[in-house]
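Take a look at the letters that make up each chain.
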Amino acid sequence: QVQLVESGGGLVQAGGSLRLSCAVSGRTFDTTAMGWFRQAPGKESELVAAHSWSSGTYYRDSVKGRFTISRDNAKNTVYLQMNSLKPEDTAVYYCAAAKNSYYLGPYDYWGQGTQVAVSS
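Predicted, not measured: the structure shown is a model, and the values here were computed from it.

Rules and cut-offs
- Residues numbered from 1 in each chain as written.
- Predicted model: local features only at pLDDT ≥ 70, side-chain atom pairs only at ≥ 80, totals over all residues.
- Heavy atoms only, no water.
- Helix = DSSP H or I, 4+ residues; strand = E, 2+ residues; numbered from the N terminus.
- Buried < 20%, exposed > 50% of the residue type's maximum accessible area, 1.4 Å probe, protein only.
- Lys, Arg positive; Asp, Glu negative; His and termini not counted.
- Salt bridge = Lys/Arg side-chain N within 4 Å of Asp/Glu carboxyl O.
- Polar contact = N/O pair within 3.5 Å; in protein donor to acceptor, adjacent residues only side chain to side chain.

With respect to the secondary-structure elements, Glu6 resides in strand E1 (residues 2–7). No salt bridge forms around the buried Glu6; measuring N to O, its nearest opposite-charge neighbour Arg38 is 14 Å away. Among the polar contacts listed, one links the side chain of Glu6 to the backbone nitrogen of Cys95, at a separation of 2.8 Å. There is a polar contact of 3.0 Å between the side chain of Glu6 and the backbone nitrogen of Gln112.

The next thing to look at is unusual backbone geometry. Outside of glycine, negative phi angles account for most residues, and trans bonds account for most peptide bonds. Backbone torsion omega between Gly105 and Pro106 reads 0 degrees, so that peptide bond is classified as cis. One can find Pro106 in the loop between strand E9 (91–98) and strand E10 (109–110). Located in the positive-phi region is Asn76, a residue other than glycine, with phi close to 50 degrees. Within the chain, Ser84 stands out as a residue other than glycine whose phi angle is a positive 50 degrees. Within the fold, Ser84 resides in the loop between strand E8 (77–82) and E9. Residue Ser84 is classed as partly exposed on the basis of its relative accessible area of 40%.

This is the structure in structure tokens:
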């Protein structure tokens, strides 16, 4: 009912930038909250950034000042602008959507992920 497709990942040198995109289709009115997660090898998935109309915007401490989440309702797309990338940002990044308005979850729909690799 909701489909999320990520794009924009790739290999970038430390200090560089990437912009991830998440195209949303289906029941877009079920995407009250949107979030970006990432999972590095051997690590647990972690919430990187999120937004909902009611809760506002969230960033985990390690990305504050470097990452920006935004939403373009006309294009049904959510973005994650990532600047000043560090090797520890290397992970598979997932777009997620929640039916409720609380941006910390639970999340109901997930994309397949896009790989981000940051070299030194």
